Amino acid sequence: MNQQTGNDTDFDPTLFERVLLIGGQWIPATSGETRDCIDPATGRVLVSVDEASPDDARAAVAAARATFDRGDWPATAVAERCAVLDRVADLLQRDKERLSVIETLDTGKTLAESRIDIDDVTSVFRYYAQLAAVSSDRLVDVGNPAVISRVVHEPIGVCVMIAPWNYPLLQISWKIAPALAAGCTMVLKPSEVTPLSTIAFTHLLEEAGVPDGVVNLLQGSGATIGSALTDNADVDFVSFTGGLATGSAILASAAPHVTKVAVELGGKNPHIVFADAAGEDTFDASVDQVLTGVFLHSGQVCSAGTRLIVEDSVADRFVDEIVRRAEAIRMGPGTDPASETGPLVSTTQRDKMEAFVETAVAEGAVLRTGGRAPSDPALADGSYFLPTVFDHCSREMDIVQLETFGPILTVERFTTEAEALRLGNDTEYGLAAGVRTTDPERGERMVRGLRHGTVWLNDFGYYTAAAEWGGFKKSGNGRELGPAGLHEYQETKHIWNNT
Ligand code: NAD
């Protein structure tokens, strides 16, 4: 990759000629269908990849089932599995630049963001390599010395992993790393919108020594192959990250088999700013974090802080500064080092933003900036959308309640702490929230009162592989990362031994 020009000569299209991996063989799809992968910065076709048929999907599950039932991977010593995870982490770092280019071309995010993603994926593999090496099995005292009672953890079995398009490699790695560590076999289904980094990464898994049949890879839309994966008696666990409607459909589809399903869904995340966090010493940092919190990756982040809830006494000045800085964000191709933000992932996504803006204006929200594609002719072929700020919003508006998944910030105002808390919880989602205040007691009351899976106090957007991630309410029902993220891939067995 040429850092100065954004020349993408490192992108090797031949890697994407065979994109289904079933039972250790890279094969074409039986459907005969392909789908174009588009660079959202330019609208050009990067490559066309095969689309799996439902039969391909069933074959991938069957391969994962046969590999699990043969038993060698689940029975492989944990230390050996962890060594494979460590090798994966090494290869990610060796190929960081190449993978970052692929991720940027496929998603539109900046190269700086893609590089952070690859580092984060590396950390997840390192974390589970260490965690899984320490047994969480335990002895239980049952009050009878003749009995040895043990609680042990075993791999859950065949896992289906379905991922979204916003953090393609990162989101699927939160599933692959603990599943490999636990001894599971799996079928990966990246989003049809952004499959490329997962294909490249699956080659690295093979190189790191993951045995044939442990990881199987499919491409295709959920509408075509989804039910072959989720309504399938050979699957023990479906781990899904994506939208609420899809997650709810998957839960219903898997129900007849009583298949365990974990869903990680959307968010409508409040960022609450008290007046004391917008004083002389705190104003700049608060504005910066509200801006980054909502406009990072053009707002296509499940935990984006899309709802600014700001104390009335400072709101006008605070919002003016947000608008000023939003207008200064440099937009351009993710491969250009000068770009601070890239395009949306697709023109479909840009059309959705236009529809949201139209509704919000009709509902009476005050458009302060953005609300449309940029007028710069150099960006005309990409799916760009300007950072957008709506002031004077209220809870009844769709723009305040629905996840836009794009660069749109809404502003609501409050006068009391109780009102701030009520507004912060006034959403069917519960993924993440931020609070900014210099009063530690109020901060503690707020972080405990907010019904969200992650709450940041005087910070926004950070996470670590060692701490659980997941949603309250309609943001989901599972946890990824941390010890709970490993236990999702394990069955718990009690062994009572009185011999
Ligand atoms: P989506 O629900 O449209 O698609 C997600 C995945 O599900 C894709 O791979 C898609 O092909 C597949 N799919 C669609 N229908 C299916 C079906 N019937 N059966 C099986 N699979 C099916 O979501 P998206 O637009 O790709 O991603 C955006 C959503 O993801 C947002 O709501 C965002 O908040 C959410 N998200 C959540 C988290 C989190 O950690 N909670 C992280 C990232 C993204």
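Nothing here was measured: the structure is a model prediction, and the numbers come from that model. (Residues numbered from 1 in each chain as written. Predicted model: local features only at pLDDT ≥ 70, side-chain atom pairs only at ≥ 80, totals over all residues.)

Bringing the packing of helix H5 (residues 111-131) against helix H6 (residues 168-182) into the picture now. Interaxial distance between H5 and H6 falls to 9 Å at its minimum, and their mutual angle equals 15°. Judged by the inter-axis angle, H5 sits roughly parallel to H6. Every pair of crossing elements has a handedness; the one defined by H5 and H6 is right-handed. Note on element contacts: H6 touches H5 through Leu169, Leu170, Ser173, Trp174, Ala177, Pro178 and Ala181, opposite Asp117, Asp120, Val121, Val124, Phe125, Tyr128 and Ala129. Partitioning the contact of H5 with H6 into residue classes produces 11 nonpolar, 1 polar and 2 charged. (Axes fitted to C-alpha atoms, helices over the stretch in contact; angles between N-to-C directions. Helix = DSSP H or I, 4+ residues; strand = E, 2+ residues; numbered from the N terminus. Parallel < 35°, antiparallel > 145°, perpendicular 65-115°, else oblique. Left-handed = near helix turned anticlockwise from the far one by under 90°. Contact = placed C-beta atoms within 7 Å. Nonpolar A, V, L, I, M, F, W, Y, C, P; charged D, E, K, R; others polar.)

On to the sheet that holds strand E21 (residues 490-497). One open sheet accounts for 3 strands, arranged E5-E6-E21; its pairing is antiparallel. The two strands at the open ends of the sheet, each matched to only one other strand, are strand E5 (138-140) and E21. On average, each strand axis in the sheet is tilted by 30° relative to the strand beside it, whichever way the strands run. (Pairing = 2+ DSSP bridges.)

Examined bridge by bridge, strand E18 (residues 432-436) and strand E19 (residues 454-457) share 4 bridges and lie parallel to one another. For glycine 434, the partnering residue across the bridge sits in E19 and is tryptophan 456. For the crossover from E18 across helix H15 (residues 440-449) to E19, the handedness is right-handed. (Right-handed = clockwise from strand over helix to strand, strands pointing away.)

The feature "active site" (unreviewed entry), as given by UniProt, occupies Glu264 in the numbering adopted here. With respect to the helices and strands, glutamate 264 occurs in strand E11 (residues 260-264). Discounting residues that sit within four places of it in the chain, glutamate 264 has contacts with Phe240, Thr241, Gly470, Gly471, Gly476, Gly478 and Glu480. (UniProt positions renumbered as here; feature names shortened; annotations may be inferred.)

Another aspect to go through is the UniProt feature "domain: Aldehyde dehydrogenase" (unreviewed entry) in the protein chain. Mapped onto the present numbering, the UniProt feature "domain: Aldehyde dehydrogenase" (unreviewed entry) falls on residues 26-495. The span residues 26-495 carries 41% helix and 20% strand; its end-to-end C-alpha distance comes to 41 Å.

Let's shift gears to the environment of leucine 196. With respect to the helices and strands, leucine 196 occurs in helix H7 (residues 196-208). C-beta crowding within 10 Å serves as the criterion here: with 27 such atoms nearby, leucine 196 is assigned to the buried category. Considering only alpha carbons, one finds leucine 196 and valine 49, 147 residues apart in sequence, at a separation of 8.9 Å. Among all residues touching leucine 196, those that are not within four sequence positions of it are Phe16, Cys37, Ile102 and Asp106. (Buried ≥ 20, exposed ≤ 12 C-beta atoms within 10 Å, placed from the backbone.)

Attention shifts here to the site of the ligand. Near the ligand, the surroundings consist of 31 residues, among which Pro164, Gly222, Gly226, Gly242 and Gly266 are the closest. Looking at the shell around the ligand, the elements that each hand over two or more residues are helix H8 (222-230) and helix H9 (244-254). Class assignment for the residues of the shell around the ligand results in 12 nonpolar, 15 polar and 4 charged. (Near = placed C-beta within 6 Å.)

Moving on to the packing of helix H1 (residues 54-70) against H8. At their nearest, the axes of H1 and H8 sit 8 Å apart, and the two run at 30° to each other. The pairing of H1 with H8 is recorded here as roughly parallel in orientation. Note that H1 runs across H8; the crossing there is right-handed. Residue-level contacts link Pro54, Ala57, Arg58 and Val61 of H1 to Thr224, Ile225, Ala228 and Leu229 of H8.

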